[in-house]
4 protein chains.
Amino acid sequence: MSKKPIPDPIFTLTTGPVDAYPAVLRGLSRPVLYDYDPAFLAQYEAVNEKVQRAFRSSTPPVILHGEPVLALEAAAASLIAKGDVILNLVSGVYGKGFGYWAARYAKEVVELAVPYNEVLTADAVAEALRKRPDIAVVALCHHDTPSGTINPAKEIGAAVHAAGKLLIVDAVSSFGGMDVLPEPIHADIFVTGPNKCLGCPPGLSLLHVSEAAWEKMEANPDAPRASILSILDWRRAHEATQPFPFTPSVSEINALDAALDLYLCEGDEAVWQRHARTAAACRAGIKAAGLSLWAAREEIASPTCTAVRIPEGIDELALRTIIRDRYGVVVSSGRAETLGKLIRIGHMGPTARPVYSLVSVAAVAGGLQALEVKGIDVGAGVSAVMKSIDSTV
Amino acid sequence: MSKKPIPDPIFTLTTGPVDAYPAVLRGLSRPVLYDYDPAFLAQYEAVNEKVQRAFRSSTPPVILHGEPVLALEAAAASLIAKGDVILNLVSGVYGKGFGYWAARYAKEVVELAVPYNEVLTADAVAEALRKRPDIAVVALCHHDTPSGTINPAKEIGAAVHAAGKLLIVDAVSSFGGMDVLPEPIHADIFVTGPNKCLGCPPGLSLLHVSEAAWEKMEANPDAPRASILSILDWRRAHEATQPFPFTPSVSEINALDAALDLYLCEGDEAVWQRHARTAAACRAGIKAAGLSLWAAREEIASPTCTAVRIPEGIDELALRTIIRDRYGVVVSSGRAETLGKLIRIGHMGPTARPVYSLVSVAAVAGGLQALEVKGIDVGAGVSAVMKSIDSTV
Amino acid sequence: MSKKPIPDPIFTLTTGPVDAYPAVLRGLSRPVLYDYDPAFLAQYEAVNEKVQRAFRSSTPPVILHGEPVLALEAAAASLIAKGDVILNLVSGVYGKGFGYWAARYAKEVVELAVPYNEVLTADAVAEALRKRPDIAVVALCHHDTPSGTINPAKEIGAAVHAAGKLLIVDAVSSFGGMDVLPEPIHADIFVTGPNKCLGCPPGLSLLHVSEAAWEKMEANPDAPRASILSILDWRRAHEATQPFPFTPSVSEINALDAALDLYLCEGDEAVWQRHARTAAACRAGIKAAGLSLWAAREEIASPTCTAVRIPEGIDELALRTIIRDRYGVVVSSGRAETLGKLIRIGHMGPTARPVYSLVSVAAVAGGLQALEVKGIDVGAGVSAVMKSIDSTV
Amino acid sequence: MSKKPIPDPIFTLTTGPVDAYPAVLRGLSRPVLYDYDPAFLAQYEAVNEKVQRAFRSSTPPVILHGEPVLALEAAAASLIAKGDVILNLVSGVYGKGFGYWAARYAKEVVELAVPYNEVLTADAVAEALRKRPDIAVVALCHHDTPSGTINPAKEIGAAVHAAGKLLIVDAVSSFGGMDVLPEPIHADIFVTGPNKCLGCPPGLSLLHVSEAAWEKMEANPDAPRASILSILDWRRAHEATQPFPFTPSVSEINALDAALDLYLCEGDEAVWQRHARTAAACRAGIKAAGLSLWAAREEIASPTCTAVRIPEGIDELALRTIIRDRYGVVVSSGRAETLGKLIRIGHMGPTARPVYSLVSVAAVAGGLQALEVKGIDVGAGVSAVMKSIDSTV
């Protein structure tokens, strides 16, 4: 109590961890049940059913008890066998990063890359698969959050499927905020988390696994078993009659339960629409304020995250600091190659509501003005936000 | 809403997940901050300092973002190098289980085992180390929860230390409920979790790592890095200026923060004492009710868990079911070799208060009576609980 | 932080304020809405509908925004006109107390009283009404909590109704814990609160008002209007289109909303049954432990509160203090004439579950033993509790 | 569950009930204690001490258990004796309203009124007191919320004090948001509530009572006693050893406790400053957007509420509806004489942070644009808000 605590920010407009819905915070404060208590077993089964409904999938999901990096590492470790050639699709830092895990388990990783403000095309993927028919698994980061760009998952998935390959999709920060579902994109392992567009805290991973992926993992002697990295161990854990491989994160399940109720009650398409409207308003405002988007073209910009190019000569930490100090607004920095080059405004879960774009645009533009950047027009930015909101009522 | 939900139990008197303190539930419902927000960075550093104070240790702790099985697997993967010989001390299911992980990474695992209702002795450990001077690392499960027995950690630690070996200690379900601290027992990796005697939900691991252990892990080329299983990645994460290897579980940190405030404010010795008093009252009641403890001798019985032998012919699930249905009380089953042979009453965190032994003894004895076991005396059991409580006021 | 805080008790087994359901605590933590926000207006209407369903009544209820003493004073002030003669039925402290309010507004208050461990009869009431045909209003305290006794509301209500008089019923601490509903007992003003058997905090009153009572109040020029004491002001406040006379207690409404969901979902008869079972087990235990009930006969003892006579020479505060210090259990004292003569164990809301009678009987008996009262048998008490529970499974 | 629920608003920028601080919501979810439990008695005393510190007063406060209309009615009923002449100062709807209560208890009410967009002066008050030396009590509404204007309490208080009269001050919606404290303004009864600038839900009143006021109330035979309207009954309730006149609102006290910790920890002057900065930014934005303030002069505009004149021909409900529907923002309507003529933006408690003026100005201006009001400039409004914020960093 000796140090004056740093006050909490007023608006957490980040790309994760994100602000949680009030009902999720109340969910977190539910009593903690014993994992083998019948009430918890029934709840766990019910939550899995809700995930399946949210996935609109034909088979039960898998919940892993760590934030989605766990699921991505586990997917690499489980699906990729020693002799496999992997096609890793790279349009940003996270896509690139998956390649390191893939390389740990594969015979060879072939990379198809585009600049980090661009996205991949299905044609290029098809071409890469034609060149190397020995590729077994393709990995795609759908929304490369550090760039705020969206790859055409449906088209790429169709190409991969047509070629008879398995597909791992990282949809961590896009699922729940736009139309991306495991089966329509032919994902064999589809990884997401409740801590982005579902408005939960980080701590869990949600997976869809196709029958083909289950078979390949079962057949892989090196796929983790009796390990935190195992997906196989959890295959039947959704059934109330089955044991847990280890103790599940009870309170995170309570949070997820509350979040799924919100999501399913509001309706997924309605949720996606407000993510899209918020991002559209934000982009309109950012441009009108005199700033540029990071994405090469607006049509590839994410509906769940707007990446804004930082003007020359501006230090990103100084910018984020002034935004927080003056307006109480927290936005995300870039990562690795994009660090220092952009800031990211999240539109995820509870903050995916258009009015937040007023706050984010005004705060970012205001922060740049305070740093004496020329040509910034807060008023024009906010007017454009309002116009965008009003045009989509 | 179609199925009538199973009502929550009234008393969760388990060995984990355990009932959480009300203040911990309120901690869980704090707003979710961005992990790189300065307020969260400061909080994370402060929480680490509180863990260090709770550990009474001279160096900062490590927090891993998964429940303690993660830390135990990570400890095996990180500390054990390919050429190592490991001495695995086995007095129960969890001690035995660690051997499987050890075997995955070691050249050889030597096992020193006792029956699962007994504990190891420092002499036997010293003898084993003399026999096999090539042993590099010793692994001890301090409180083998599925047996409810406590190994003499201080004495064993001294023996291991005298022999110049490294020691991994699983104190998951004993730390916070009794006098077991990393440095006095010469633990090189000390693993515990907030989800037992600290009264938090499962989802984090707390580790103390000695300088020698850090050196060995740094020197181990196979120690996990850039992995959920890495301890090394998190070495400096407690510093507010350092990045997180991946997104920490923000809400679990909020819960831990609240739990540590309770623990440090009440005072560790006071907390240990109420765990001890609760267990003593429970054991007195169990015996007076006509039942037997699982532990071979009462002095090795855990202050955080009372394992009660199930009378011949009684099905443990039937017993736990009747206890829950009639009295709303949930207790833990055994695990693996002890499954079906005992039930376990947890005295952990908020339930480590003597009055709960009234409830547990009456419920267990009442359940057995309802199953028509002869020779059960609820009244005598409860009277003994009361006498025990009254004698230690 | 300078003074060591007094720790919270472990079990609050009182007659009000009572322990709240966990879901009610979560309800309390809902965001606070503006009272004229459409979402709150809709919620307020919905909560009123739920109260009406809980009352099983044919007309909308009234919610007043203060704990039930407000409603009782308001009932006296509103229904009793200057020229009225009132029959006040007295079987305890609260019934007696209503007479003081009645006297403030009436021409004359006639009292029909029985000893405070007895209850009234419908015959005596009918007789009293025959003697004084000028009586306009009868007042009955259904459950006189300081005595833990239940008057025969249905029979008395029938007698009052047959005589053509209006009836005010204080059912504050019985409604929700037993079969007492406004219309079957012919109550013209029926007062209860969420802070007893519904398991909410204190802060609201719930009223049923008959058409005859509305007419009498409307016709009474002295009935409070534009006052905190007004019932009339709130007549239509349950309609989403109507203004509030003053700002409602938003968070208390959130709590009530959650409590009514629990009550209606569990089913009122199921709730009443567990109150009855808990009280029956408690009474069995108290008697077997060597103690006496305050109620003259067990059949008039309340299902929501067990009043236990304190043995000669025992100081009630000393007793309650030792019970809290040793066992963490809080019970209620008597009030006014019953203060010092009895202690009261509440069976209300979440504590109206039989297992709590284990705790209460053991704690009360244990406390008396600690005070060296002779002839107390904790074991026998608890055995009788268990037998009672088991016999009603 | 049949009707689709109305979604909660995103921003509650009202003048009460107001948005509560997250820590207050967590405070509300604390377990409910028995009012006579020693832990609650100690907490109640501590909360009173915190109120006294917040009041910076020399004597203990009084907490009444209903929202501040209770305290205002109680003040009239208690302090005003049958023979008293009252000077009621009127600059708005609430000041006018107090006169009705005063008239209920006084011999005569003299009114000194100004238009509802103006404020009173100390000179006028002094003059009124000179004219009628038989005046016993003066009543002042410090912040007439329906007008958003602030009367000069210190000057008026000095004039009343110099004339030897008693002063009742309604500071419900100003205390905690600006420099208004009971003793510096010579208030004999000072009424406020936690549900405005302290960021709590409605349900309590906080009073300061001078020694002279206590004497007058004690001497007043008609001052309520044994009534919800009594102030006298609660005089010593702040002492842990004294009984409560009736059951206090335990959860509201928990909320207040949390709110006072926030207030005292942040420091009252810091809190007042952010209320002032928020209002200044709001007023700047409103004017720049092409709108007018309700207050005749900006220097009398409240730092806790900005009342904005509604342009001719615009329906206030239509305006508030469109603001909520499009932007999720809730603002307050006017009341009585000001209803339909203005809308009010609250700057109270958690929303008294400058960034919220971005939201409120954009939303109000946007709403009017949507209703096709000419001459509205959202961009200019928001730019002015930003400039105001930036100028006061």
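Predicted model only: the values in this text are computed from it and were never measured.

K.L.:
Could you clarify how one ought to interpret the interface of chain B and chain A in this entry?
P.N.:
How big an interface is tends to be reported as the loss of accessible area on association of its parts. Each partner contributes residues to the interface: chain B has 53 residues there, and chain A has 53 residues. Of the roughly 4100 Å² buried where chain B meets chain A, counting both sides, 59% is carbon and sulfur surface. It is V32, Y34 and I228 of chain B in chain B that bury the most area against chain A; as a group they hold 17% of the surface buried on that side. At the boundary of chain B with chain A, the tally comes to 4 salt bridges. Here D8 of chain B and R30 of chain A are joined by a salt bridge, their closest N and O atoms 3.4 Å apart. For the pair chain B and chain A, the interface holds 16 residue pairs in polar contact (both at pLDDT 80 or more). If you list the elements that add at least two residues to the side of chain B that touches chain A, you get α1 (22-28), α2 (38-55), α3 (68-79), α4 (93-105), α8 (250-266), α10 (316-327) and β13 (332-333) of chain B.

K.L.:
Whenever I open this one, the relation of the copies chain B and chain A confuses me. Can you help?
P.N.:
A rotation about an axis combined with a shift along that same axis relates the two copies of the chain. In screw terms, the move from chain B to chain A is a rotation of 180° and a rise of 0.0 Å along the axis, fitting with an RMSD of 0.0 Å. The superposition operator between the copies reduces to a two-fold rotation axis.

K.L.:
Just checking my understanding: could you explain the interface of chain B and chain C for this structure?
P.N.:
If you look at the interface, chain B gives 23 residues, while chain C gives 23 residues. Across the chain B to chain C interface the summed buried area is about 2100 Å²; carbon plus sulfur atoms make up 71%. Run the count over chain B and chain C and you get 2 salt bridges. Residues D390 of chain C and R326 of chain B are paired through a salt bridge, measuring 3.0 Å at the closest nitrogen-oxygen approach. Our count for the chain B to chain C interface comes out at 6 residue pairs in polar contact (both at pLDDT 80 or more).

K.L.:
Can you help me understand the packing of helix α9 (residues 268-288) of chain C against helix α12 (residues 378-391) of chain C in this one?
P.N.:
The geometry of a pair of packed helices is captured by two quantities: the angle between their axes and the separation between those axes. All names here are of chain C. Taken N-terminus to C-terminus, the directions of α9 and α12 make an angle of 150°; their axes are 7 Å apart at the nearest point. The orientation of α9 relative to α12 falls into the category roughly antiparallel. Read as a crossing pair, α9 and α12 show a hand that is right-handed. Across the interface between the two elements, R277, A280, A281, A284, G285 and A288 of α9 pack against A380, G381, A384, V385, S388 and I389 of α12. Here the residues of the contact of α9 with α12 sort into 8 nonpolar, 3 polar and 1 charged.

K.L.:
Which parts of the structure should I look at to understand the environment of D315 of chain D?
P.N.:
All names here are of chain D. You can see D315 is positioned in the loop between β11 (305-309) and α10 (316-327). For D315, a relative accessible area of 47% translates into the label partly exposed. Linking D315 and D84, residues 231 residues apart in sequence, is a C-alpha distance of 43 Å. For D315, the side chain forms a polar contact with the main-chain nitrogen of A318, separated by 2.9 Å.

Calculation notes
Residues numbered from 1 in each chain as written. Chains lettered and ligands numbered in written order. Predicted model: local features only at pLDDT ≥ 70, side-chain atom pairs only at ≥ 80, totals over all residues. Heavy atoms only, no water. Contact = heavy atoms within 4.5 Å. Buried area = accessible area lost by both parts, 1.4 Å probe. Salt bridge = Lys/Arg side-chain N within 4 Å of Asp/Glu carboxyl O. Polar contact = N/O pair within 3.5 Å; in protein donor to acceptor, adjacent residues only side chain to side chain. Helix = DSSP H or I, 4+ residues; strand = E, 2+ residues; numbered from the N terminus. Least-squares fit on C-alpha atoms with pLDDT ≥ 70 in both. Axes fitted to C-alpha atoms, helices over the stretch in contact; angles between N-to-C directions. Parallel < 35°, antiparallel > 145°, perpendicular 65-115°, else oblique. Left-handed = near helix turned anticlockwise from the far one by under 90°. Nonpolar A, V, L, I, M, F, W, Y, C, P; charged D, E, K, R; others polar. Buried < 20%, exposed > 50% of the residue type's maximum accessible area, 1.4 Å probe, protein only.

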